[in-house]
Amino acid sequence: MNSKIYLFSLLLLSLSFQGYTQQLSRTNDSLVVHNQTAKVTANFKTGSVSYYFDGGVVLSNTTAEINEIQTGLLSTGSCKLHQATTETFTDRIGKGIKLILTHSGNDQGITLIQQITLYQDQPYLFTDLKAVATRQEQVLETRDISPLVVTPTQKGRLFQPGEQPRLLDVPFDNDNWVNILERQWGNTDHTVFNGISYEYAAVYDNQTLAGLVMGSLTHDFWKTGIVYRAARQTGLTDSLKIYGGAATEDNSSLKPAYGGLDGTHDHTSHGTMTGKMVSSPMIYLCGLKDVRKAFLAYGEANVSRNGKLEWKGSAPVYWNSFGVEGVLGNSGVMMPKDLGKITDFLQTLSNFNAYSKPVLSIDSYDQAIYTTDLLSSFGKYAKKKNQQMGFYFIPFAMWNWKNSFDNKIPGSEYTLRDVVLRDKNGEPIAYKDGEWGAYAMDPTHPAIRLFIINQLEKAKAIGARFLKIDFLTAGALESTKRYDPKVRTGMQAYNQGMKMLKSLTDSILGPDIFITQAISPVFPHQYAHTRFISTDVYSHLRDDQKGFPHYGSTQASMAAGSHLWWVQGTLWPYTNLDVSIMKNFQKNPDLTEKEVKVRLYAMMTMGSILGDGSDFRNKLAAERAKIYLDNKDLNLFFSAPRAFTPMNFADGESFDQQLSFYLKAAAPLISMFNFDLQKIYNRKWLRAEIGLLNKEYLLKDFLTDAVLGKIEKGQDSFVLTAKTGDALLIKLVPVN
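**Some thoughts on the overall build of the chain**
Right, so step 1: Looking only at helices and strands, the chain has 10 helices and 40 strands in total.
Right, so step 2: Expected size for 736 residues packed as a compact globule is a radius of gyration near 27 Å; at 27 Å, the chain falls within 12% of this value.
Right, so step 3: Projected onto the principal axes, the alpha-carbon positions of the chain cover approximately 85 × 75 × 55 Å.
Right, so step 4: Within the chain, buried positions represent 60% of all 736 residues.
Right, so step 5: Surface accessibility of the chain: about 28,200 Å² in total, with carbon and sulfur atoms responsible for 49%.
Right, so step 6: Mean positive and mean negative side-chain charge positions of the chain (76 and 72 charges, respectively) differ by 4 Å.

**Topic: the packing of aromatic side chains**
Right, so step 1: A complete count under the given rule lists 41 aromatic pairs for this structure.
Right, so step 2: Between Y298 and F523, the aromatic rings sit 6.0 Å apart at their centres with planes inclined by 80°, giving edge-to-face as the arrangement. Placement of the pair is Y298 in helix α1 (residues 291–306) and F523 in the loop between β30 (514–517) and β31 (530–531), with a sequence separation of 225 residues. Across the pair, F523 and Y298 agree in class, each one buried.

**Examining the sheet that holds strand β26 (residues 397–401)**
Right, so step 1: With antiparallel pairing, the 3 strands of this open sheet are ordered in space as β26-β28-β27. Looking along the sheet, the strands with just one partner apiece sit at the ends: β26 and β27 (430–432). Taking each pair of neighbouring strands and ignoring which way they run, the sheet shows an average axis angle of 50°.
Right, so step 2: Taken together, the 5 bridges between β26 and strand β28 (residues 436–440) define a ladder with antiparallel strand orientation. Bridging across to β28, M398 finds its partner in Y439.

**Notes on helix α6 (residues 490–508)**
Right, so step 1: For α6, spanning 19 residues, the distance from its first C-alpha to its last is 26 Å, which sits close to the expected 27 Å at 1.5 Å a residue.
Right, so step 2: When you tally the buried positions in α6, you get 14 out of 19 residues, the bulk of the element.
Right, so step 3: Following α6 by one or two positions, G510 has its phi on the positive side, about 110°.

**Quick word on the packing of helix α2 (residues 339–347) against helix α3 (residues 372–384)**
Right, so step 1: The geometry of α2 relative to α3 is characterised by a closest axis approach of 10 Å and an angle of 15° between their N-to-C directions. Judged by the inter-axis angle, α2 sits roughly parallel to α3. With respect to the hand of their crossing, α2 and α3 are arranged in right-handed fashion. Of the residues in α3, those touching α2 at L339, G340, T343 and D344 are F378, Y381 and A382.

**Description of the environment of F159**
Right, so step 1: Looking at where F159 falls in the secondary structure, it is placed in strand β12 (residues 157–159).
Right, so step 2: For F159 and G195, which are 36 residues apart along the polypeptide, the C-alpha to C-alpha distance reads 17 Å.
Right, so step 3: Apart from the residues lying within four places of it in its own chain, the contact partners of F159 are G56, V57, V58, Q233, T234, G235 and L236.

What counts, and at which threshold
Residues numbered from 1 in each chain as written. Predicted model: local features only at pLDDT ≥ 70, side-chain atom pairs only at ≥ 80, totals over all residues. Heavy atoms only, no water. Helix = DSSP H or I, 4+ residues; strand = E, 2+ residues; numbered from the N terminus. Rg over C-alpha atoms; globule rule 2.2 N^0.38 Å. Buried < 20%, exposed > 50% of the residue type's maximum accessible area, 1.4 Å probe, protein only. Areas by Shrake-Rupley, 256 points an atom, 1.4 Å probe, with all protein chains shown as cover. Lys, Arg positive; Asp, Glu negative; His and termini not counted. Charge placed at Lys NZ, Arg CZ, Asp CG, Glu CD. Phe/Tyr/Trp six-rings, centres within 6.5 Å; stacked < 30°, edge-to-face > 60°. Pairing = 2+ DSSP bridges. Axes fitted to C-alpha atoms, helices over the stretch in contact; angles between N-to-C directions. Expected span 1.5 Å × (residues − 1). Parallel < 35°, antiparallel > 145°, perpendicular 65-115°, else oblique. Left-handed = near helix turned anticlockwise from the far one by under 90°. Contact = heavy atoms within 4.5 Å.

Laid out in structure tokens, this is it:
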């Protein structure tokens, strides 16, 4: 049969509920569904779907596909029969309409079912794909299924209008100090670029901030990849695929953010889904005139589907040992003899103690530098000082000497050999390679449950009320061997492991334990109260500073943070930008006082909890702590931190970023960061863009309360200046 058969059926709807803003219409070859911010056109001749978003982004002629292990690639575009139906629904998010597209008529005997969900009162839509075997004995298996594909062969395209279009490329986790990429089309050489983003991505205009956010909403089986290729035409992406089944190996021949270290760090293929029906991840699409609102809605949509943890009372404040103690080398520069001096000093900081009991977070406890008896005794001493203990452990990896796998997993009779994940050759996976490496462990193995219990019992013994869990990505790695054969993928195992960890924490320590994730994927998010925005931050201003590491600067963390502010208040109650440092981090050179201030402003701007890692036995560190760490207004802010909204995003990989942020409040806050060492940063602020009332405001320095200027009633704009290599944080105080 040379010509395709076109079928169309439309379920007539009675749109009876009041205020319904979605509409249905039909043309000769298409069914159109739209709400206030998006329009979806399903072509029932070709089977393609086009999306038109508020702000101008267009996804034209998209398809969906599955790469089935036995029968190969099947696209909706290659099916002969296309049927469309619609139905109304009400769920926990609200009322809406579902467009259901059924594609059949192919040699593989598989029916593809696309579902596109639009809400009446939400700006976003969801889409997913199910593949159904129609032959009696057929069982499907896939590690590659996509509900949205743009390909030139189907005349597909993604177009972002504007003079400065960007494509945001996000790493899988926050390890290795990898940059978030803002890919841009070349203005003169029409450079073509390609890559893969993980879990979510965005296109936006860097000037107007109009754009589209796309990302996964389900994080219990698939790792989601977003593969893209830009065309030569500015703003045009001619290839895009959002799929379940991403598993990429680190490639040392590539730059870190371009395939070297930004992927899933896997050593074997993604696991497969099997069954008479298999399904893709649920994908979120939201295009708005302000892409920042689309990011916030993405966080809220994830919470609506997956939940989140709340925190009652004031946010925790803490001191962390890693910045002082050379834990990896066990240099013994502090523990155990001088830890008491830290708690004694912290007690003198009245404002630091004003809202919650300070936590003494002891890092790398898993390396047996400190005994449980020692820390238990110290916990009793800290309690007398109205302080509490924090506990660190790595639930899904173990540091071990290379090729020595007969050590027992603490709390069990199993050995590391029994629980280690295996690569494509059946060899143990070193999550952190080296003679002394961290080996990935199977979250489904009973030894891991026993190990977590063992660690939580230690935390209970020292009175810990704060948990820092680290290197979590190890538990999400794919493996050719797993204890529970029903768990088929790394993300499925990781989700199961994190759910178990939270349940055991609740039962052993209680439900009011604060959990912070360090190195980890963004999703699933619902098992912790906060997560590191970036990898460890050492507080120097820029990555290119002489004498400092070429990573871990405040600039790098804020470049990432300008794209991640939205996670605070949606995915987690707070963020974590790691600790401030008053003098120096471990053996790094001394920081300037300006760098200390910039660092604290960065933490405030990101809505971070307040932590410090300074050696207060040092006179200068102690003096600075009394000025900065004990500032009254600063501690009031950190009792309930909130992330500022970025007025612009970091752009490109230059260290010379100039960033501005704003926080709406009774006395609004403005922060500006000038990481450029040559150019002054002047920014004109419009009253309307930050929602100021038509009244008089005083401009006050946040830390000193000094009056720096005034905004007169009726004054539409004002200019603020950040000096080179500096930052400012301004409080706008309304005059009655």
